[in-house]
Structure formats: C-alpha cells, structure tokens
Amino acid sequence: SRYTRAQFRERRRKASTSRYSLAVLWNPAEALPPSSARTIKKFQSVGASMGLEVEPIERKDFLRLAEYDALFIRETTAIDNHTYRFAKKAEVEGMPVLDDPMSIVRCTNKVYLAELLQANKLPAPKTLILDRTKVLQAEEVLGFPLVLKIPDGSFSRGVFKANDRNELTKISRDLFKRSDVILAQEFMYTEFDWRVGVLNRQPIF
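Thresholds, definitions, all that
Residues numbered from 1 in each chain as written. Predicted model: local features only at pLDDT ≥ 70, side-chain atom pairs only at ≥ 80, totals over all residues. Heavy atoms only, no water. Buried < 20%, exposed > 50% of the residue type's maximum accessible area, 1.4 Å probe, protein only. Helix = DSSP H or I, 4+ residues; strand = E, 2+ residues; numbered from the N terminus. Pairing = 2+ DSSP bridges. Contact = heavy atoms within 4.5 Å. Axes fitted to C-alpha atoms, helices over the stretch in contact; angles between N-to-C directions. Core = buried A, V, L, I, M, F, W, Y, C linked by side-chain atoms within 4.5 Å.

**Thoughts on the pairing of strand 5 (residues 127-130)**
And then number 1: Of the two faces of strand 5, the one holding Leu128 and Leu130 is buried and the one holding Thr127 and Ile129 is not buried anywhere.
And then number 2: Strand direction decides the pairing type here: strand 5 and strand 8 (residues 182-186), joined by four bridges, are antiparallel. Each bridged residue has a counterpart across the sheet, and for leucine 128 the counterpart in strand 8 is alanine 184.

**A few points about the sheet that holds strand 4 (residues 97-98)**
And then number 1: One open sheet accounts for four strands, arranged 2-1-3-4; its pairing is parallel. Only two strands of the sheet have a single partner each, and these edge strands are strand 2 (52-57) and strand 4.
And then number 2: Relative to strand 4, strand 3 (residues 70-73) runs parallel, the two being bridged by two bridges. Directly across from leucine 71, in strand 4, lies its bridge partner valine 97.
And then number 3: Contacting strand 1 (20-25), strand 2 and strand 3, helix 1 (residues 37-49) runs over the sheet at an angle of about 155° to strand 2.
And then number 4: Across the sheet, helix 2 (residues 82-92) touches strand 1, strand 2, strand 3 and strand 4, and the angle it forms with strand 3 is around 160°.

**Let's talk about the sheet that holds strand 5**
And then number 1: With respect to topology, four strands assemble into an open sheet ordered 5-8-6-7, the strand pairing being antiparallel. Bordering the open sheet on either side are strand 5 and strand 7 (159-162), each of which pairs with just one other strand. Ignoring strand direction, the axes of neighbouring strands in this sheet form an average angle of 25°.
And then number 2: By the bridge criterion, four bridges tie strand 6 (residues 146-149) to strand 7 in an arrangement that is antiparallel. Following the sheet pairing, lysine 149 is matched in strand 7 by valine 159.
And then number 3: Here helix 6 (residues 165-175) sits on the sheet in contact with strand 6, strand 7 and strand 8, set at roughly 160° to strand 7.

**What about the nonpolar core?**
And then number 1: Grouped together as the largest cluster of nonpolar side chains are 15 residues, with contacts concentrated most on Leu146, Leu148, Leu168 and Ala184.
And then number 2: Broken down by secondary-structure element, the contributors of at least two residues to this core are strand 5, helix 5 (137-142), strand 6, helix 6 and strand 8.
And then number 3: Not counting residues up to four positions away in its chain, the partners in contact with leucine 168 are Val135, Leu136, Ala138, Glu139, Phe144, Leu146, Leu148 and Ala162.
And then number 4: Membership of the second largest hydrophobic core comes to 13 residues, among which are Tyr68, Ile73, Met95 and Ile104.

Structure, rendered in structure tokens:
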C-alpha cells in the first residue's frame, strides 16, 4: 500500500523498549469519535503484545509528531482542521499515516464522491448538487423525504432529513450559510449507521 510503504524508521526516543512507536491522534472530548477510549486502550494492549508502543496523542502534540514511527488518526478528519495538518506533517516526515492526506481530501468531499460513483456506474442514492437557485429541483426530482448534506461533512455531521417543502427551504437556507453548494439525496431507510473501512483499495470491514 502506498499509505504504509514507508519503512518504520529508527526510533528517535530511547525510553521505550518497544521496537516501534505508533501515535494515535484522538480527541477525548469528541462527541462521536471514530474510536472510543476503550477501543484505543484495547489497541494499546494488542500493540504491546506485538512489540509496538501505541501512544494516544492530541492536537497539542503536533510538534512531537516526528518522535514516532507512524500515525493513526482516530479523530473525525477534515481538510480545514488539525487532522489534515497532522496527516501532511506525517507524510512529509516519511511516516506511514492513516488516513493519508489525499484520502482525507477525497473522502470528505461528498461532491467528488457522488461524481466518482456515478462515473463508475456504482449503485448509490440519487443525488443532486444544488445552489441557491435550484433548491426546489430536489422536491421535483427526489420527492419527500429527502436528505440534505453539506459537501464536507463527516460522520453524519451536516446531514439533515427534510420531510416537506417547508423543511427543505429552512434546512437549505441554514446549510447555504456554510457552503455555496449542497447535496440533496433520495432517502433510503436503514436501522443503523453504515461505515466501511478501506485499506489499499480493499474493503476490510
């Protein structure tokens, strides 16, 4: 994988007896974290059994990043916050990093993803890209209920369900304060949140 092809480097820190060190970027105050504190502790335990030191780090630890051999980002990523800066810094340092900067750019851009699925003829909810002049097209093409999204949201942030024209108008007005374009998609009911993990172009869960 191009994400992990860099060789683990010689340790810059000598205090640990572990052969390699992995920094796990997380935010203990995040409301909907990709990994819970319990999961990260389990990850530390498994890492220790394999000779890998796993150390949780936070936003404030940016200047310490080069002390580690690799970076695993377990915060919700976005191109306009510190998670992207951490990924770019790790890449510059030659460290294996998940998620890598390019994946962050691609996967946080819902317009890009919608067009990519369409170009590759992959089944997906019917999607419209709307500006302020085209909001009512969503009702005409998709009907109700429908889903409205900002282009760069993650983990259901910036995602809303509109059940009628009044809600469509109100929600879209609020979303246009955050973005020049929004996405409207047909509503497809599910009882739980679908999350797919991909590594080296292969789905792993």
